[in-house]
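Take a look at the letters that make up each chain.
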Amino acid sequence: MNLPDLKEAKVRTKKEIKIIRDDYQVPENMKTMGKDKKYYLKTYGCQMNVHDSENIKAILEDMSFTETMEMEDADIILLNTCAIRENAHNKMFGFLGRVKHLKESRPEVICGICGCMAQEESVVDDIKRKYKWVDIVFGTHNLHKLPLILEESLEKNKQEIEVFSIEGDVYEGIPVKRDSKYKAWVNIMYGCDKFCTYCIVPYTRGKQRSRMPEDIIKEVKELVNNGYKEVTLLGQNVNAYGKDLNIDYTMGELLEATAKTGIDRIRFVTSHPWDFDDKMIDIIAKYDNIMPYIHLPLQSGSDKILKLMGRRYTKEKYIELFNKIKEKVKNCSITTDIIVAFPGETEEDFKDTLDVVNTCKFDSAFTFIYSPRIGTPAAKMKNDLTEQEKNERLYKLNKLVNKYANEANQKYMGKVVQVLLESPSEKPGKLMGYTDTMKLVNVEASEEYLGKIVDVEITDVKTWSLDGKLVD
Ligand code: SAH
Ligand code: SF4
Ligand code: F3S
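Remember, it's a predicted structure, so these values are computed and weren't measured experimentally.

Q: Is there a simple way to explain empty space enclosed by the protein in this structure?
A: A water-sized probe rolled over the atoms picks out the places where empty space is left. With the rule as written, the count across this model stands at one cavity of 30 Å³ or more. Estimated volume of the largest cavity: approximately 30 Å³. Around the largest cavity sit Leu6, Ala9, Gln119, Glu120, Ile200, Tyr203 and Thr204, which together line it. Broken down by secondary-structure element, the contributors of at least two residues to the lining of the largest cavity are helix H1 (6-10) and helix H6 (201-205). Per-class residue counts for the lining of the largest cavity are four nonpolar, two polar and one charged.

The structure is reproduced here in structure tokens:
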């Protein structure tokens, strides 16, 4: 048993990160463990978790399990969890109630918890005390050890908790079962060293560890050869890519090398304004296959709050960067993340945030009420706002964000845009996909167009999506 420890998770060691390129193998004796058995995997959280789930699926399928979409049919149920806000916690514990119910009638079902919540000391404490029936818990640093963790738990017939607080090495070649045949997530780095004062991620994902450029490019080339049209380079703070490597190589260079593989579309998330250098902007502007879409979290428009958040930029610097990107990258759409009701946020501070929204007129924004995370510095700060005040700020902000999102979409009316049609739409007879600027479009088209990048004329505009028809 290995339990998570918050104090350990906070430490950044100088230990050199090894890149492990051994061929990943499920142990021979476990390859048929899942024969005639099914797994159900529920994923919460960000793209990082979605991609981790693609690894977990491949590992389980190498053990002969097959996937089911019905939890009730499963022999093994795994919850890949997110710790970012309180409601992510509540959702997962709510779901766990359903699993408990199922386990009462079928005790042989294996229930596992992994992902960011598994890295939290307080959560694992709770699981040990109140959820003794959960069979396995493993963290973000050792998901490749899943077969061994399962074996241990089955052999000993007791709860198996294997969570490491200190990140491990970078493992290459962990199998992956991608959800899409056309677009792929590609990790370029793990962890985060920014330690924004409100954020749990540096504790749950460990220190920043970049993959080597050659490994990333090799993966992208393989995707191109397999017919993939789009890659999204993934990291908590992709602009800092390479800074932890002993080579002189930055995100700008990685973007350029990726562009030269010839893949049709390149995206990247998430960018922290702090490390966004001119070279990166120039490369994005230069290559047509790097999409003109940037997610650039603002968090707050108040210098005082930004300082308390540890974001290391000011309102003015943010707007300056925003304008520079808009100037150099043609037709670029920019979205953002904003937190309201951070401890100490006055009405004046909140107005500063609205002011930046009025200046930047974001294409869209994810907005959140601040949620204290145990162990982070902000959790100890005093917050005088009432629930009503918090909700009112969120409501006001959303109203403004929606207004600009709608205005941004209106500009597309009647225009012809390129869309990668990626799956059937919820609307019958239509396919859905995204423009290069990341606008969701529902297009009247038959399934033969799936996986193709097509010209689409926009015929109708809504706040969160566009409708269009194929241009002959
Ligand atoms: N690495 C990314 C953010 C990842 S988390 C970045 O720095 O840009 C996604 C978003 O969740 C953050 O941008 C922030 O807006 C929000 N978030 C993170 N911690 C939060 C907290 N404790 N309460 C409310 N929102 C939070
Ligand atoms: Fe969290 Fe800040 Fe790191 Fe983003 S950059 S993951 S908000 S600590
Ligand atoms: Fe959530 Fe972990 Fe991502 S906390 S947002 S799943 S890195």
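Q: What is the right way to look at the layout of surface pockets in this model?
A: Each pocket or cavity is described by its volume, and for the second largest pocket that value is around 790 Å³. In this structure, the second largest pocket is lined by 34 residues; those nearest its centre are Tyr171, Glu172, Gly173, Ile174 and Tyr190. Listing elements by their share of the lining of the second largest pocket, those giving two or more residues are helix H2 (47-62), strand E8 (170-171), strand E9 (183-187) and helix H7 (213-225). Broken down by element, the lining of the second largest pocket gets its largest block of residues, five residues, from H7. Considered class by class, the residues forming the lining of the second largest pocket number ten nonpolar, ten polar and 14 charged.

Q: Just checking my understanding: could you explain helix H11 (residues 315-328) for this structure?
A: An α-helical segment advances 3.6 residues per turn. Residues three or four places apart therefore align on the same side. For H11, with 14 residues, the first-to-last C-alpha span of 20 Å sits near the 20 Å given by 1.5 Å per residue. Among all positions of H11, only Lys315, Tyr318, Ile319, Leu321, Phe322 and Ile325 are buried. Seen from one end, H11 has its buried residues packed into an arc of 160°, which puts them on one side. In H11, those exposed residues whose orientation departs by more than 90 degrees from the buried face are Glu316 and Glu327.

Q: Any chance you could explain unusual backbone geometry here in plain terms?
A: Glycine aside, a negative phi is what most residues show, and trans is what most peptide bonds show. Cis rather than trans, the peptide bond between valine 269 and threonine 270 has omega equal to -5°. Mapped onto the elements of the fold, threonine 270 is located in the loop between strand E13 (265-269) and helix H9 (278-286). Here the phi dihedral of glutamine 299 falls at roughly 75°; this positive angle occurs in a residue that is not glycine. Secondary-structure assignment places glutamine 299 in the loop between strand E14 (293-295) and helix H10 (303-309).

Q: Looking at this model, I keep getting lost on the site of ligand 1. Mind explaining?
A: Within the structure, ligand 1 sits among 15 residues, and Gln236, Pro297, Gln299, Asp337 and Ser371 are positioned closest to it. One of the side-chain nitrogen or oxygen atoms of arginine 311 is found 3.4 Å away from an oxygen atom of ligand 1. A distance of 2.6 Å is found between an oxygen atom of ligand 1 and a side-chain nitrogen or oxygen belonging to aspartate 337. Elements with a minimum of two residues in the shell around ligand 1: strand E15 (333-340) and strand E16 (364-369). Tallied by class, the residues present in the shell around ligand 1 amount to seven nonpolar, four polar and four charged.

What counts, and where the lines are drawn
Residues numbered from 1 in each chain as written. Chains lettered and ligands numbered in written order. Predicted model: local features only at pLDDT ≥ 70, side-chain atom pairs only at ≥ 80, totals over all residues. Heavy atoms only, no water. 1 Å grid on protein atoms, 1.4 Å probe; cavity = no way out; pocket = protein on both sides within 12 Å on 5 of 7 lines; lining within 4 Å. Points joined across faces, edges and corners; volume = space filled by probe spheres on them. Helix = DSSP H or I, 4+ residues; strand = E, 2+ residues; numbered from the N terminus. Nonpolar A, V, L, I, M, F, W, Y, C, P; charged D, E, K, R; others polar. Expected span 1.5 Å × (residues − 1). Buried < 20%, exposed > 50% of the residue type's maximum accessible area, 1.4 Å probe, protein only. Arc of directions from axis to C-beta. Near = heavy atom within 4 Å. Polar contact = N/O pair within 3.5 Å; in protein donor to acceptor, adjacent residues only side chain to side chain.

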